[in-house]
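Here are the chains, one letter per residue:
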Amino acid sequence: MKVKFWGVRGSIPCPGPYTIKYGGNTACIELRFEDSDRLIIIDAGSGIRELGNYMMANDLPNGPIKTEIFLTHTHWDHIMGFPFFKPGYVQGTKLKIYGPVSYEDDSLENVVGGQLTYRYFPVRQAELASEIEYINLKENRFDLGEGITLTTKYLNHPVLCLGYRFEYRDKVFCTAYDTEPFQNVFCTDHDDPSYNEAMAHEGDQAARTENQRVEEFIAGADLLIYDAQYTQKEYESTRIGWGHSSCEYAIAAAKRAGAKRLAMFHHDPVRTDDQIDELTEKYCSRDHTGDTDIFFAREGMEIEL
Amino acid sequence: MPSLSTTVSKVMEICNSPTTSPNDLNRVISLDPVLTGRVLQLINSAYYSMVNRTTTLTRAIVMLGINTVKNLALSTSVLESLSVKKSFQALSMDNFWMHSICVGVTARSIAAIKRIPVTDREEYFVAGLLHDLGKIPLNNLFPKEYVHAMEWAELQQVPLYRAENSIFEVDHCTVGGMIAEKWVLNETITDSLFYHHKPVEVREKNRQFVAIVALANTYTNFLEVGSSGDRFPEDAQATHLLEQVGISWSALLDLRETVLDEIEKARIFLQLTQKG
């Protein structure tokens, strides 16, 4: 498998002089498979615009484009690039778009394709020349054909969000963003009038089981992309419950799960290149990381598994 | 399936507040049998695959987050509460609620006496709370016939499920079991709905669980806390249940204070709102 990062930023695109090195585009990852022309895209953040342009120049000349887009969730930074994905405008292109949707919301088609309405954009979805199929995903295991299997796992984010684990020829590529550690949200203070022993116990147990399940899901990954938007200090100060993890947690989880490589991902929009370099020095030196190769994901970076 | 309006205003108050505590949210949903069932249904069918069924609200809140569960509860209860008052004709809604809560609380207390671990006791509460769910659609869709069934049970001095069978050719156990299956509730809870009047017929591995729920039901009818229209339980069954569960009637009677106390707390919790 070959993985390329087209967008590594969280929340909102942030171009400018301070984000040149790591990039300012939001989440988009390209995944290709040796001896196959299969192309899988994870997330349609603003990074998908450049990927689309690349595909127009390099894939289209070989025949009509066929690709599958797996959305981790439908928050805006993960779907905003879709209207600017050029292959979508080309006759003959076939797109399959997968993703999770909360029951009370509209269909995936309305949530993602709904960006293409005149109030937001000059082209309507119905005017796109490509053939688009939307497919709802839940937690499960799928055979994608050609020897590729996919396992999905719900993560902890304020909207339904899936982690993806692709396996192909004994190699494992795994994404676990946007997510934060599951917490016992129930009151654990014995003196609080609302304290309830059963709730406190079960909340604790449930959080532990779910965190354990996430680690089983990422276990042994050859490449793991994990949410690391904050530092632990930032996370604990005001950001608990926002649905993102700290670098420290990502590193500890990846090491416990025996991941071979960890790409820290979904950088906070205020994080400058210099700051990421400083964090790299602090967290990614070999004596710190043990058997796991740890780095901050950078736009344009390619990794072969 | 309407939610019980006894709890709806509290659900709305709690769910509409941006500062709701998870404890309050858990509590308010767990006081409404229909809402509890619906939330578990939505979680199990809409979100999760069959392998990972969620059986308690506590776990659901940790897994899905407080906002998702809040929205689930809000949309379920608000949409379905509108016509509830007039649809409760034969059974009194408040009495039905009291009965359901009492069976839930009693089942949980018996589980505690039987030294079942704290984290497993919640499921006994849920099963007790939901055990008579099947009465709601019968009562709502066929109010005249249901009044008739209740009169028939009264006149013949038989359990209500027998009267239901002779009038509808189906009883609330079968209807409840069907709802539980449709809502993808787990097997123990589904069996409790199906078999709480025929606990000897349930599969071996759930026999003790269902017996505890059935005993809690018998005990609640004996105490006459609330009512779900069942005034003549079968005596033979009570003896069998005490044996099966392995508890004495006097130990059950000792629970009275605790159970009534918990129900009172739930009432106060719900009423606090209706003023505010």
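Values in this document were obtained by computation on a predicted structure and should not be read as measured data.

Conventions adopted
Residues numbered from 1 in each chain as written. Chains lettered and ligands numbered in written order. Predicted model: local features only at pLDDT ≥ 70, side-chain atom pairs only at ≥ 80, totals over all residues. Heavy atoms only, no water. Buried < 20%, exposed > 50% of the residue type's maximum accessible area, 1.4 Å probe, protein only. Helix = DSSP H or I, 4+ residues; strand = E, 2+ residues; numbered from the N terminus. Arc of directions from axis to C-beta. Contact = heavy atoms within 4.5 Å. Pairing = 2+ DSSP bridges. Axes fitted to C-alpha atoms, helices over the stretch in contact; angles between N-to-C directions. Phe/Tyr/Trp six-rings, centres within 6.5 Å; stacked < 30°, edge-to-face > 60°. Lys NZ or Arg CZ within 6 Å of the ring centre and 35° of its normal.

**Points about helix α1 (residues 48–58) of chain A**
All names here are of chain A.
Phase 1 of the analysis: When α1 is considered as a whole, its buried residues turn out to be Ile48, Leu51, Gly52 and Met55. The buried residues of α1 occupy one face: seen down the axis, they fall within an arc of 100°.
Phase 2 of the analysis: Packed against the buried residues of α1 are β1 (2–7), β2 (28–32), β3 (39–42) and β4 (66–70).

**Section: the pairing of β1 of chain A**
All names here are of chain A.
Phase 1 of the analysis: Of all six residues that make up β1, five are buried, and the element is covered over most of its length.
Phase 2 of the analysis: The pairing of β1 with strand β14 (residues 302–304) spans three bridges and is antiparallel. Bridged to Lys4 within β14 is Glu302.

**Regarding unusual backbone geometry**
Phase 1 of the analysis: The omega torsion of the bond from Tyr177 of chain A to Asp178 of chain A falls at -15°, within 30 degrees of zero and hence cis.
Phase 2 of the analysis: Within the fold, Asp178 of chain A resides in the loop between β10 (171–176) and α3 (197–218).
Phase 3 of the analysis: A positive phi angle, near 55°, is found at Glu224 of chain B, a position not held by glycine.
Phase 4 of the analysis: In this structure, Glu224 of chain B sits in the loop between α14 (207–223) and α15 (235–245).
Phase 5 of the analysis: Under the relative-accessibility criterion, Glu224 of chain B is labelled exposed at 58%.

**Regarding the sheet that holds strand β12 (residues 261–265) of chain A**
All names here are of chain A.
Phase 1 of the analysis: If you walk across this open sheet you meet the seven strands as β7-β8-β9-β10-β11-β12-β13, and the pairing is mixed. Pairing within the sheet leaves two strands with one partner each, and these edge strands are β7 (141–145) and β13 (293–296). Sheet twist, expressed as the mean angle between neighbouring strand axes with direction ignored, is 20°.
Phase 2 of the analysis: Bridging between β7 and strand β8 (residues 148–154) involves four bridges; their strand directions are antiparallel. Counterpart to Arg141 in the pairing with β8 is Thr151.
Phase 3 of the analysis: The strands that α3 touches are β8, β9 (162–168), β10 and β11 (223–227); relative to β8, the one it contacts most, it runs at about 165°.

**As for the packing of aromatic side chains**
Residues and elements named next belong to chain A.
Phase 1 of the analysis: All told, the structure shown has 17 aromatic pairs over all chains when counted by the stated rule.
Phase 2 of the analysis: Here Phe70 and Tyr98 contribute two aromatic rings whose centre-to-centre distance is 4.4 Å and whose plane-to-plane angle is 5°, an arrangement assigned as stacked. Placement of Phe70 in strand β4 and of Tyr98 in strand β5 (residues 94–99) is noted, with a sequence separation of 28 residues between them.
Phase 3 of the analysis: In this structure an aromatic cluster arises from ring pairing among Phe70, Tyr98, Tyr164, Phe166 and Phe173.
Phase 4 of the analysis: Over the ring of Tyr54 we find Lys4, and its NZ or CZ is 5.7 Å from the ring centre.
Phase 5 of the analysis: Over the ring of Tyr249 we find Arg256; its NZ or CZ atom is 5.9 Å from the centre of that ring.

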